[in-house]
Every structure is written in structure tokens, then in C-alpha cells.
Amino acid sequence: MKKTIITSVFALAVAIAASAQQPGERHGQHQGRGQQGGDREAQAKEMQAKAKAEADAYYANADTAEYGVRYRLKYLFNKENNLTFEEDRVVLIAPKVALDMSYEGIGEVRWKMQNKDKQGGDPSLAYHLTPSYYFYYPETGRCVNTYRIIADEFKLKDAPCDNKWNISDEEKTVGEYKCKKATISKGGRDWTAWFTTDLPHRGAPREFNGLPGVVLEVADADNEVGWTFNGLVNHIEGDALFIKYPDQFSDIPLEKFPKVLRIFSIGDESNYLQTSGVMDKHKGQFPKRYRPSTGIDACVIDNPIER
């Protein structure tokens, strides 16, 4: 999936020798430290070149999105305790495919690119990441839902889009885009979506596809689950928006997926990862390793999105 390599080269600071040192000693030490600095810089460049080659190979057959639509997901996942989950999501849109995924990785990389001298992270991010992916192919209506645990990809669903939308004449503006209203009963809830034809192609959060445009907002009638528009995401130099369908899927039987997901969502990750050998199974930097411990599936849910 989306992955941008940023390599930081740290210069080796040269200490000032004590006044008691002999000039020859100082000269020799400076030469040694200069050599160390050169070695580190050469190593950093070598690592950067290797990472770029790996990225080029990984994304060789990927689609490139024309743009993305960013959303903030808000979800009342536990009604008994009035607990709400929030996550930044993005739908990457290309002519033949759209992909709904977490925005956190993209947001973090871009914030660091623009704030190289700052510590911390992007204050606009919720810092929750659910490694779920929803591919939509508008020409065929095919919908594929995948999920990544560490670097193992699971295909959870592969089926045609069967949404039966009711489109009304009601309109409103979302951001700067004129939208039309559409409604649907799906998964035990009544939903309202606002979609626009002012943006090219088609796409929507999660599995709310099938409309003749791009969905900018969608929420259920009880306002317990909703995606709100949070601007467009465009290409910037050094950070292309790739739509990468998994090259292969896990050989773990799908019926065991819920148990595996639970282990990585709420279990003792550090101990399990160290003792299970799961990290040793995956070599290289791609695909990026994701743990669902900050996502929806780590929550104690008594109010499922699909009832």
C-alpha cells in the first residue's frame, strides 16, 4: 500500500579537544572522526538507494491515484459507556479503481516532510489506524475488502456492489462542492450520503459505493457512525498516491482470521511478536507492517457498524 521512504542522515558531531591535547593528537582525531562521518553518510545513501529500489519494485504494478478525499470517521462504538472512536481515512481515486484506507501513514509522512525541524506529530491526526482496505472497481462494480496484520494480507470479501440507492433532488454544498442526497438501508441502519459530480471518477468510504460521483459525507440516521469531508489530498513531490492491490494473501485459513485479529488487537503485542517469529517471516520494508492495536478492532464494541 501507501509507503514513502524518508531517510534522515545524521552528521557526526566533532568534539572540541581539550587544550592539553597535542596538535598532532587533535589532527589525528579530527581525521578519524571525519572518516566516520563520511562512512555514515555513505551508508545512509546506500540504505536510501536500497529502499528506493525496493519501493520501485513493490509499486511497479500499482495504480496511481489522481487525488484523494480525506475524511474523519466518528463512531459511537460503545453505547453503554458513551465511547466514541475517531480515525482519519482517505479514499484514493483513479479512473478504474478507488481505495478506502487509513490516512495516518500519509499524514505522518507529509507532516514530517514539511516540518523537518519539529518534534512530535501532525496535530490534525486522530492517531488511530485500522489496517482495513476497501477496493472498488466502478466499471464492474467489484468490491474487495482486505485487511493487513503485520505484513500478512487477508481477503475478507470479494463480491459485486449491490447497493440500491435512492437519489433525491435535495442538494447542499460540502466544502466547495455541490452535492446531491442519496439514501439507503444497509447493514441494519438507514444511511444518508452526499455525493458530488464536480470531482472526477467515483469513490466512497467503506462500502458505500455505487453512486454516480464521489461521496463526500455519509452518516446513519442515529448519528452514531459518520464520515465527514476533510479536504482533498493531492500529489506532492516525493510522495505519490499509490493504489496497491496485494500481491498475495495469507495462507492462514480465513476462519481463523477473527482469532488472529484479536491476538494482535488486544494481546501483548511486544511479547508475542518477539516470541512468535512473525516479524522474521517478513523481509524487507514492503508492505509496511501494520498492527490493529490502535484501530476499531481493539475497541470493546457493543454497537456494531453492521448490526
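Just above, that's the structure.
Residues numbered from 1 in each chain as written. Predicted model: local features only at pLDDT ≥ 70, side-chain atom pairs only at ≥ 80, totals over all residues. Heavy atoms only, no water.

**With respect to the sheet that holds strand β5 (residues 132-137)**
Then comes step 1: Judged by pairing direction, the sheet is antiparallel, and its 11 strands sit side by side in the order β7-β6-β5-β4-β3-β2-β12-β11-β10-β9-β8 without closing on themselves. Two strands lie at the open edges of the sheet, namely β7 (152-160) and β8 (166-174), each paired on one side alone. Averaged over neighbouring strand pairs, the angle between their axes works out to 25 degrees when direction is ignored.
Then comes step 2: Strands β6 (142-149) and β7 of the sheet are contacted by helix α3 (residues 257-266), whose axis makes an angle of about 45 degrees with β6. (Pairing = 2+ DSSP bridges. Helix = DSSP H or I, 4+ residues; strand = E, 2+ residues; numbered from the N terminus. Axes fitted to C-alpha atoms, helices over the stretch in contact; angles between N-to-C directions. Contact = heavy atoms within 4.5 Å.)

**Considerations on the pairing of strand β2 (residues 67-78)**
Then comes step 1: By the criterion of burial, β2 is predominantly enclosed, with 11 of the 12 residues buried.
Then comes step 2: Judged from the 11 bridges that link them, β2 and strand β3 (residues 83-93) form a sheet pairing that is antiparallel. Following the sheet pairing, Lys74 is matched in β3 by Glu86.
Then comes step 3: Counted between consecutive antiparallel strands, the loop separating β2 from β3 contains four residues, among which Asn82 sits at a positive phi close to 55 degrees.
Then comes step 4: Relative to strand β12 (residues 225-233), β2 runs antiparallel, the two being bridged by seven bridges. If you follow Leu73 over to β12, its bridge partner there is Trp227. (Buried < 20%, exposed > 50% of the residue type's maximum accessible area, 1.4 Å probe, protein only.)

**Description of the nonpolar core**
Then comes step 1: With 34 residues, the main nonpolar core has Val69, Trp191, Leu216 and Trp227 as its most contacted residues.
Then comes step 2: Where this core is concerned, the elements lending two or more residues are β2, β3, β9 (177-186), β10 (189-196), β11 (214-220) and β12.
Then comes step 3: Among the elements that take part in this core, β2 stands out by supplying six residues, more than any other.
Then comes step 4: Leave out the neighbours within four places in its chain, and Leu216 touches Val69, Tyr71, Val174, Tyr177, Cys179, Trp194, Phe195, Thr196, Leu199, Trp227, Thr228 and Phe229.
Then comes step 5: By size, the runner-up hydrophobic cluster in this structure holds 19 residues, among which are Phe135, Tyr137, Val233 and Tyr290. (Core = buried A, V, L, I, M, F, W, Y, C linked by side-chain atoms within 4.5 Å.)

**Points about the pattern of salt bridges**
Then comes step 1: The tally for this structure, following the rule as stated, stands at 21 salt bridges.
Then comes step 2: Among the salt bridges present, the one from Lys52 reaches Asp56, with a minimum N-O distance of 2.9 Å. Of this pair, Lys52 and Asp56 are both found in helix α1 (residues 23-58), four residues apart, which corresponds to roughly one turn of the helix.
Then comes step 3: Accessibility expressed as a relative area gives 52% for Lys52, which makes it exposed.
Then comes step 4: Residue Asp220 is joined to Arg189 by a salt bridge in which the shortest nitrogen-to-oxygen separation is 2.9 Å. Taken as a pair, Asp220 in strand β11 and Arg189 in strand β10 lie far apart in primary sequence, 31 residues in all.
Then comes step 5: Looking at Arg189, the relative accessible area reads 2%, which means it is buried. (Salt bridge = Lys/Arg side-chain N within 4 Å of Asp/Glu carboxyl O.)

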